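# Inside the fold
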Amino acid sequence: MSADKSKATTQSHFKVGFGDFDLVRRHEDVHDYLEGTTLETLAVTAQPKLKGHHLTRPVVPSISVGTTFEINKVDEYMQCLSEGYIYGRLGNHSTESAAHAINLLEGGAGALMFSSGMAAITTTLLGMLQAGDHAIFPDPVYAGTYTIAKNTLPKYGIEVTQVEACNVEAYRKAIKPNTKVLYGETPTNPRLQVLDLDAFVQVAKTIPGCITMVDSTFASPTLQRTLQHGVDIVLHSCTKYIGGHSDVTAGVMCSSNPDLAFNIGEFQKQMGSILSPFDAFLVLRGIRTMPLRMEKHSKNAMKIAQFLEQHPKVSHVYYPGLPSHPQHEVAKKQMKDYGGMVVFEVAGGLNAAKTFVESVDLINLAVSLGGTESLIEHPASMTHGSWTGITDEERRSTGISDGLIRFSIGLEDADDLIADLTHALNKMQLTED
């Protein structure tokens, strides 16, 4: 190509008719191509300028799949880092749209999206703790968190103590001079114990520099605004109720402290645990319907919990909305509603429980929770089985019995679900006979 500075055509247009008007809609490329630019180059680089961004905006944020962003001037690089975008791992509009929505729901100072709930938990813990620190965790706790607390953190010289879940006095007694983090879950996985958030925070205030972290996945931001009780960091697996459709794996960390949010965000960039733009789009889609879904989940769960509580083949039902729940009054105080998880024990132990979960039809025998469809599982064999590193003795000592069933209640008609449960309970009776 010669050094001729003449330009190739960089515009295209077509006419759109509106009654008596013919409006010419022009597309101008972002590049000023030199005359003779090859087809190969045009195929790689052709891109029209974004049209009408000062006049209109998409009702649903577009998916920002670009991994890198062109800047206008070298001297504007640092400004782009704080006010725009440079590289997808450092931030993009899709992940920030989802984080912004969750941050507003929680009333936080900042939120970060992660590639999974465990990525959110692990990155946050490792970003705050260092060798010589001490952290207190509940027992029982989500199996992934249990593994991190028992096996991973000690490898980095971090001391861990586990205490009875939701027993605030047990947390107080476990405090040491080097305690840095108090970690809680509410409602807990899998037994749906409820942690008194106000009392939990008061314990932490007796420890200089101590940070409170609470996993509120089972409640969702719709039913429990954890940060409003003074908690420093709230965590969610967005795979569950926030995403709500069993089609995205994601997590979020939201903090009431802007410095914590910033520092963990900087650590996340180095860990590379950011959520992909398309998955962030799915999370945001789930957020839009979460209030409606949680209302239906809760309504179904209450009806089914009441049914199970009266069934002769069910020895115990754990649901925060039932007056029989040990922390029912605490749940009434800090939750808008009681959620879609119901946990119960069937009579007959291990074999009866296995027969029961394998006999449902409409309900899916599967791990996870929070989707539109109902899921049921047997913790002793599945999520909290010996493969996780939890011994049978440890499991039973925390109340996860051989007959315990975890039920994530979906959006189906409650009477249809009750009919399916009745069928499975009857089958269990036949097996025992």
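Heads up: the structure comes first, above all this text.
### Quick word on the packing of helix α3 (residues 93-106) against helix α10 (residues 277-309)
It is at 7 Å that the axes of α3 and α10 come closest, and there the two elements cross at 30 degrees. Between α3 and α10, the interaxial angle falls into the category roughly parallel. For α3 against α10, the interelement crossing comes out left-handed. Between α3 and α10, the contacting residues are Ser94, Thr95, Ser97, Ala98, Ala101, Ile102 and Leu105 on the first element and Pro277, Ala280, Val283, Leu284, Ile287 and Met290 on the second. Split into classes, the residues belonging to the contact of α3 with α10 amount to 10 nonpolar, three polar and no charged.

### Overview of the pattern of salt bridges
Using the criterion set out here, one finds 14 salt bridges in the structure. As a salt-bridge pair, Lys333 and Asp198 come within 3.8 Å of each other at their nearest N and O atoms. In this pair, Lys333 sits in helix α11 (residues 328-334) while Asp198 sits in helix α7 (residues 197-204), placing the two residues 135 residues apart along the sequence. On the accessibility criterion, Lys333 (45% relative accessible area) is partly exposed. You can call Asp198 partly exposed: its relative accessible area is 31%. Note that Lys269 is salt-bridged to Glu266, the shortest N-O span being 2.9 Å. Of the two residues, Lys269 and Glu266 are both situated in helix α9 (residues 258-271); the distance of three residues between them amounts to about one turn of the helix. Here the salt bridges share partners, and the residues they tie into one network are Asp392, Arg395, Arg396 and Asp402.

Thresholds, definitions, all that
- Residues numbered from 1 in each chain as written.
- Predicted model: local features only at pLDDT ≥ 70, side-chain atom pairs only at ≥ 80, totals over all residues.
- Heavy atoms only, no water.
- Axes fitted to C-alpha atoms, helices over the stretch in contact; angles between N-to-C directions.
- Helix = DSSP H or I, 4+ residues; strand = E, 2+ residues; numbered from the N terminus.
- Parallel < 35°, antiparallel > 145°, perpendicular 65-115°, else oblique.
- Left-handed = near helix turned anticlockwise from the far one by under 90°.
- Contact = heavy atoms within 4.5 Å.
- Nonpolar A, V, L, I, M, F, W, Y, C, P; charged D, E, K, R; others polar.
- Salt bridge = Lys/Arg side-chain N within 4 Å of Asp/Glu carboxyl O.
- Buried < 20%, exposed > 50% of the residue type's maximum accessible area, 1.4 Å probe, protein only.

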